[in-house]
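The residues making up each chain are set out below.
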Amino acid sequence: MVDSLSIFSRATSNKKGALKHPTARAFSMQEWVEALSSLENPSERDATLTLSAVWFGGQISTVREHTDHILGQLNRRDAVLLAVAQLNREYATLQRRIARARYEESRSDFVDVHRSSQRLIRTSYIGNALPADDLNDALVDTLPLWLYQAFERPEGDLRIDCDFTQLGVSALRAFSLEKSLSQLWQQCLWQDWRLAGDGDRLTLRPNNREAETLRYAWLYRQQSITFQYSFVDIVTEAAAKKANLKTNRRKGRTVIAQEDRAGRQSEFIIGRASSRCASHAQHHMWTGVEDSYVGMFLDAKLPRLGLSCNELQKVWCIITDACDVLSRKCRDSSPVDRTTARDWALACRRQTLSKAISAASGLSTSDTEKALKFLTSDKADFRHGVWSKPLIPLPGQEFLLMCRSPLEIGNAVRRVEQWLERGGLSDQLATANKGASYEAWVRDEIASCLANNPILKDVASISRPIKPADRTIGDIDAALRIKDLIIVLEVKCLLTPYEAIEQHRYRSKLEGASTQASRKATWLADNIKDYLDVFNLHGACPVEIKPVVLVNQGYGLSLEIEGCLVCDFHTLSGYLRDSVVVTGGAYSGLNGAIGYTRETLYRSDEEARHRLLSRIKLAPTLRRYIDRTTWTENLIPCLSPPSNTLAVAGAQLSEDLDPSARIAALSLAK
C-alpha cells in the first residue's frame, strides 16, 4: 500500500496510526522503516527523519536499560532526596566556577554587556565548553526524569547498602544523557537537524544553518535585553552605594537566619531584607521582568490561583532566602552521602516554611498555602520541570525540598511565562492588563511615542480598532501613518517559545497572523477613502499600505512571510519614540563606568517614513547577534563505534565586539 503522507506528517499526527516517537516506550523501529517503504516518492527529509528516529530510538532504549534500574537500591523517599541533593550539590560547584569567571571579568578593562550572560565554562567531558546558563539549564532539566523514576520506587524501607555519593554522580550522568538524546531528537523532528557520517565520526547538524542562526539570535537578543535591565540596575545601585546615596528600592521582611535555641532549631528568624540576602539578586532580575513584555501582567490575578505574579514573586524571594539560610549547613567540600543528603536537599518542614512566608509577606495563611501549593512540583506532571515550581514534596513526610538553582538564578521572564500559563492567563494575555486589551495598550503606546517625538510631524495612529462590515476580514488591531506610509498592524501577544515543538507552533501562528495582516491591509487599501479622517489625511493623496505582524517579544523579528514583515514591540516603539537609539554597551570592571553606543535612525519624518520597513527587515539590533553567532561542536557519549561519540553542532556568541562597541569599551578603560 502506498502512503501519501510524509514521515513528518505521520510522526506529528494526533490520529490513530501515527508513528510513535523514539522517546516513547512503545517505539518500534520497524514501524518507521515500513512507513518509509510505503511512500511512493520519499523525500530526503523522509529518509533523514527516519534515520534519526531509528538511531535515537536505539540510543534512548539502551540508556533506559540503565536508568530504569539505577535507583533500584533506594526507596521512594531516599530516591527523591538524592535527586534534589545531587542537583543542589552540582549547582554549588557550578556557582563557584561562575564566580571565578566573574572575578576575572571584573578585573578586565571592559565587559561586553551582550555577551556577559554567555561566558563559557569547560565541562567534565573532554573538549566541551558551554555557556554557564546552558549548563545550568541542562542540570535543572535533567531533574524531572530523575524524579519520575524516583516516585515510581516503592515506599517501604529498603536496607540495601549503597554508596550515595557514587550513585548520585552516576544517576545524574545517566539521566542527563537520556534528556540530551530526547532533546536532540526533538530538534531533528521539529527543526530538521540531521545525522551524517563524517569520516569516522557521527555528526548532528541543522539542515538550514542560516535559519538556526536566526533562531539562536532571537533568543540571545531577548535574553540580552532582559539581562541588560538587571545589569544596569545592579551597577546603578553600586554607584549610589559608593556615593553614599540612598536608593528608592523598598526593603521588605524576609528570612534572615534560623533559631539555634533548644527545641526551636527549625524555626526561621524574620528580619529586614538587605543587600546581603540571597533574594537581593532577585530584585535586580525583577527589574528586567518589569521592563519586559510580561511586565503589564504582573498585577493581574491568575484565574486558577487568585494571586498575582507580583505576590508570587514576594513569596519566591522569601523562599530563596530560606534556601540560602539552610544551605549554610552544606560545606563545599562535603559530598552527598546518607548523612549529608537531607542538608544538601535543603529539607524544611512545610508548616515551618508556611509560617515564615506568612509572617514576612503579610499574606494570609490560606493565600500562603495556595502559593506554596502552586510552587510545589506535582509528581503527576513534570512537563514544566521545576523552573517555576522548585519545591519538591518528600514522600511520606511533611517536608519540602528546595531546588536552589531555579530559585536563585532561574530565568525570571521564563518563570513568569510559566506562571501565566499554569495560572490560566496565557490564553487571555490579550485581555489581562487590568481589563484593558493588549491591543488597546499598544495603540496608546504608539500614540504616545508619536506625540512625544519632536521630529515626527506628519503622523497619525488609530485610537480604536477599525471594524470592517465584512466580518470575515477581522478587526484592524492597530495602525499608524508616517507621511504617505500606513502600517497595518496585526497585534499578537504570545509566550516566548523555548522548546523545539513550541517554536514550530509559534512559526505556524506567525504564518497565520501574516495572512490576516495582508488581508486587512488589502481591504484598507480598497476602502481608504472612508478612513481619511482617521489617519488625518486630506485630499486624494496616494498612500502606500503595508502589513506588519507586531509581536510582544523578539522571537520572529525581521521574518518576512509572503510579503508581510514581523516586528516586535520593542523595535517599533524604539523607532517611533526617538530618532536616536542605544545599540550596544560596555561596562568597565576597573571603574564601574557604563558606556553606550548610539545610532541616529532619521533626521526628518520623510527619512523616518522611508527607513522604517528596511529597519524592521534588516533589524540591526538583531544583526549584531547574527553576525557574532559562531558554530562549534560538543561531544556526547553514545554507542556508535568507532568513535562512541556524537558530535553535535552548537551556536554561541563570539568574543569579537562590533567596531562601535569596541570603541566605547576602550574609551571606558581609559
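In case you missed it, the structure is sitting above this.
Now for a look at the structure at hand. No experiment lies behind these values; they were computed from the predicted model shown.

Reading the values: rules and limits
Residues numbered from 1 in each chain as written. Predicted model: local features only at pLDDT ≥ 70, side-chain atom pairs only at ≥ 80, totals over all residues. Heavy atoms only, no water. Helix = DSSP H or I, 4+ residues; strand = E, 2+ residues; numbered from the N terminus. Buried < 20%, exposed > 50% of the residue type's maximum accessible area, 1.4 Å probe, protein only. Contact = heavy atoms within 4.5 Å. Areas by Shrake-Rupley, 256 points an atom, 1.4 Å probe, with all protein chains shown as cover. Expected span 1.5 Å × (residues − 1). Core = buried A, V, L, I, M, F, W, Y, C linked by side-chain atoms within 4.5 Å. Axes fitted to C-alpha atoms, helices over the stretch in contact; angles between N-to-C directions. Parallel < 35°, antiparallel > 145°, perpendicular 65-115°, else oblique. Left-handed = near helix turned anticlockwise from the far one by under 90°. Nonpolar A, V, L, I, M, F, W, Y, C, P; charged D, E, K, R; others polar. Pairing = 2+ DSSP bridges.

1. Focus on the overall build of the protein chain
Within the protein chain, the secondary structure is distributed over 20 helices and 20 strands. The buried share of the protein chain, reckoned over its 670 residues, is 54%. Residue pairs in contact within the protein chain that sit at least 24 positions apart in sequence constitute 70% of those at least 6 positions apart. Accessible surface, the protein chain: about 31000 Å² in total, of which carbon and sulfur atoms supply 50%.

2. Focus: helix α15 (residues 438-451)
Helical periodicity: at 3.6 residues per turn, an α-helix aligns residues three or four positions apart in one direction. For α15, which comprises 14 residues, the first-to-last C-alpha distance of 20 Å matches the rise-based estimate of 20 Å (1.5 Å per residue) to within 8%. Of all the positions in α15, only Y438, E439, A440, V442, R443, I446, C449 and L450 are classed as buried. Residues of α15 that are buried in the fold lie against β11 (459-461), β12 (478-482), β13 (485-492), β14 (544-551) and α17 (569-577).

3. Topic: the nonpolar core
One finds I319, L353, M402, L489 and L646 to be the most contacted residues of the largest nonpolar core, which totals 129 residues. Counting residues per element, this core draws most heavily on helix α9 (residues 309-327), which supplies ten residues. Non-local contacts of L646, meaning those with residues more than four positions away in its chain, are made with W55, L184, L195, L202, T203, L204, N634, L635, I636 and C638. The next biggest cluster of nonpolar side chains, apart from the first, holds 40 residues, and it includes A85, L147, A150 and L401.

4. A look at the packing of helix α3 (residues 44-67) against helix α6 (residues 164-191)
The description of two packed helices rests on the angle between their axes and on the distance between the axes. Orientation of α3 relative to α6, taken along the N-to-C sense of each, is 165°, at an axis distance of 10 Å. The pairing of α3 with α6 is recorded here as roughly antiparallel in orientation. Viewed along their axes, α3 and α6 form a crossing whose handedness is left-handed. Across from R45, L49, S52, A53, W55, F56, Q59, I60, V63, R64, H66 and T67 in α3, the residues of α6 making contact are A174, F175, L177, E178, L181, S182, L184, W185, C188 and L189. Within the contact of α3 with α6, the residues separate by chemical class into 14 nonpolar, five polar and three charged.

5. Topic: the sheet that holds β14
Ordered in space as β11-β12-β13-β14-β16-β15, the six strands form an open sheet in which the pairing is mixed. The open sheet has two edge strands with one neighbour each: β11 and β15 (560-561). Bridge analysis of β15 against strand β16 (residues 564-568) gives two bridges, and the strand direction is antiparallel. Bridged to I561 within β16 is C564. In the packing of helix α18 (residues 605-618) onto the sheet, contacts are made with β12, β13, β14, β15 and β16, and the angle to β16 comes to roughly 95°.

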